[in-house]
Amino acid sequence: MNPTRQAPPAQPARPAHTLDIQGLRVTLPGTARPVLDGVDLTVAAGETVALVGESGSGKTLTSRSALRLLPPGAVVEGTVLVEGHDVLAMDTGRLRDVRAGTVAMVFQDPRAAVNPLRRIGDFLTESVTLTGAMNRTEATARAVELLTAVGLDDSVLRKYPGQVSGGMLQRVVIAAALMGDPVLLLADEPTTALDVSSQAEVIALLATLRERFGTGLLFVTHDLDLAAAISDRVYVMYAGRIAESGPAEALFARPRHPYTAALLASTPRMEGPRGRLAAIEGQPPDLREPLHGCAFAARCPRATEVCDQRAPLPSAAPGRPDHQAACHHSDLLEGSVVDA
């Protein structure tokens, strides 16, 4: 008789998303409305998702929620799942593990992320050696591997931050973010402080690293052209709410929210007509004033009475369920084409 073969134990299914934010609402002391109001956002493994909008719209706070880096006194509702685990409900030890390896962040200014008095080699290896993930020899070998991946050599290990350019230092910070093999990389406007040539190099580098390591990337930016170039999907944020979301190509070619259309129209282009740039009139809503309807209503040329009275729910474009807009009149924009 043949012996009975036992099937290997079933492996737990990996979550569909490395980051899954659902119904995130954050209220701060002294505000009359949430700074984040019902945010839903997902990032899959190996996917680049751009989060765009004006300054103060809540982009950075949304991205930092994946590390539970929230302001003191914040009252938080909703869930922020990383690899299926709720960051908002984690104890201190588990949260430390997430910050040490599972999720990494690249900040806007690389010089603010490093100690100018310590060598770059120490900066790269410190986190993984302190947590016990690697010994010193392993950490140095990993640092050299990642420096090579970002286009630098091991001589950088012996230098101080002040001895390298801003573009090189941003590459170092990206390498540091990858030291713990994160499943999710958060990039908060990582090219803003760089010159145009360095910006292009960093963007190409992030795309290459995403493909090589299979890391999910949440890219926070106010640059729509940059978002169109790098992302698979885009979320447009306004006043702490998601105004529109969808595949990058469809969203930029056929916007379904007046705010998205206005942002695209106000983007300067070399081939555009001469004259004064288009601008969005008015100001974003004040956090000290409650909102009863659509957050964009006061600045929207299509606003009607219902926009002032009731906040719109996201609705899908006809035949495109993954392209959604929170606008009472989104169908009026359907079919319009904007060069992006």
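Since the structure is predicted, the reported quantities are computational estimates derived from the model, not experimental observations.

Asks: Explain unusual backbone geometry to me, and be specific about the residues and the numbers.
Replies: Backbone geometry places R68, a non-glycine residue, at a positive phi of 55 degrees. The exposure class of R68 is partly exposed, given its relative accessible area of 25%. In this structure, E83 is a non-glycine residue whose phi angle is positive, near 55 degrees. Relative to the helices and strands, E83 is located in the loop between β4 (75-82) and β5 (85-86). When its relative accessible area of 19% is taken as the criterion, E83 is described as buried.

Asks: Tell me about the environment of K59, and name the residues and values.
Replies: When you line up the elements, K59 lands in helix α1 (residues 59-64). A residue is classified by how much of its surface remains accessible, and K59, at 5% relative accessible area, is buried. K59 sits 116 residues away from A175 along the chain, and the two C-alpha atoms are 23 Å apart. When neighbours within four sequence positions are excluded, K59 is seen to be in contact with L51, V52, G53, E54, E189, V220, T221 and M237. Among the polar contacts made by the side chain of K59, one reaches the main-chain carbonyl oxygen of E54 at a distance of 3.1 Å.

Asks: Can you lay out the side chain of T18 for me, pointing to particular residues and giving the numbers?
Replies: Along the chain, T18 turns up in the segment before β1 (19-27). Each residue touching T18, except ones within four places of it in the same chain, is listed here: V43, A44, A45, L81, V82, E83, V183, L184 and G216.

Asks: Any details on the sheet that holds strand β10 (residues 241-247)? Residues and values, ideally.
Replies: Hydrogen bonds along the backbone pair up the strands of a sheet, which may run parallel or antiparallel. The eight strands are arranged β6-β7-β8-β3-β9-β10-β12-β11 in an open sheet whose pairing can be described as mixed. Either end of the sheet is taken by a strand with one partner, and the two such strands are β6 (103-106) and β11 (315-317). On average, each strand axis in the sheet is inclined to that of its neighbour by 25 degrees, with strand direction left out of account. Inspection of the sheet shows strand β3 (residues 48-52) paired to strand β8 (residues 216-221) by five bridges, in the parallel sense. For V49, the partnering residue across the bridge sits in β8 and is L218. On top of the sheet, helix α9 (residues 258-265) reaches β9 (233-238) and β10; it is set at about 100 degrees to β9, its chief contact.

Asks: If you had to explain the confidence of the model for the protein chain to someone new, which residues and values would you point to?
Replies: Mean pLDDT over the protein chain: 88, with 92% of residues reaching 70 or higher. Ignoring residues within four places in sequence, the model shows residues 335-340, a span with pLDDT below 50, making 13 contacts including any to other chains.

Asks: Break down the sheet that holds strand β2 (residues 36-43) for me, with residues and values.
Replies: Here we have four strands laid out as an open sheet, ordered β2-β1-β4-β5, and antiparallel in their pairing. Looking at which strands have only one partner, the edges of the open sheet turn out to be β2 and β5. Bridging between β4 and β5 involves two bridges; their strand directions are antiparallel. Bridge pairing in β5 places V82 opposite H85.

Asks: Any chance you could break down helix α2 (residues 92-102) for me, citing the residues and the numbers?
Replies: Each turn of an α-helix holds 3.6 residues, which means side chains three or four residues apart point in the same direction. For α2, the full list of buried residues reads L95, V98 and G101. Down the axis of α2, the sector holding all buried residues measures 155 degrees, keeping them to one side. Pointing more than 90 degrees away from the buried face of α2 are the exposed residues T92 and R96. Elements in contact with the buried residues of α2: β6. Where α2 begins, one side-chain oxygen reaches toward the backbone nitrogen of G93, 3.2 Å away; that side chain belongs to D91.

Reading the values: rules and limits
Residues numbered from 1 in each chain as written. Predicted model: local features only at pLDDT ≥ 70, side-chain atom pairs only at ≥ 80, totals over all residues. Heavy atoms only, no water. Buried < 20%, exposed > 50% of the residue type's maximum accessible area, 1.4 Å probe, protein only. Helix = DSSP H or I, 4+ residues; strand = E, 2+ residues; numbered from the N terminus. Contact = heavy atoms within 4.5 Å. Polar contact = N/O pair within 3.5 Å; in protein donor to acceptor, adjacent residues only side chain to side chain. Pairing = 2+ DSSP bridges. Axes fitted to C-alpha atoms, helices over the stretch in contact; angles between N-to-C directions. pLDDT = per-residue confidence, 0-100. Arc of directions from axis to C-beta.

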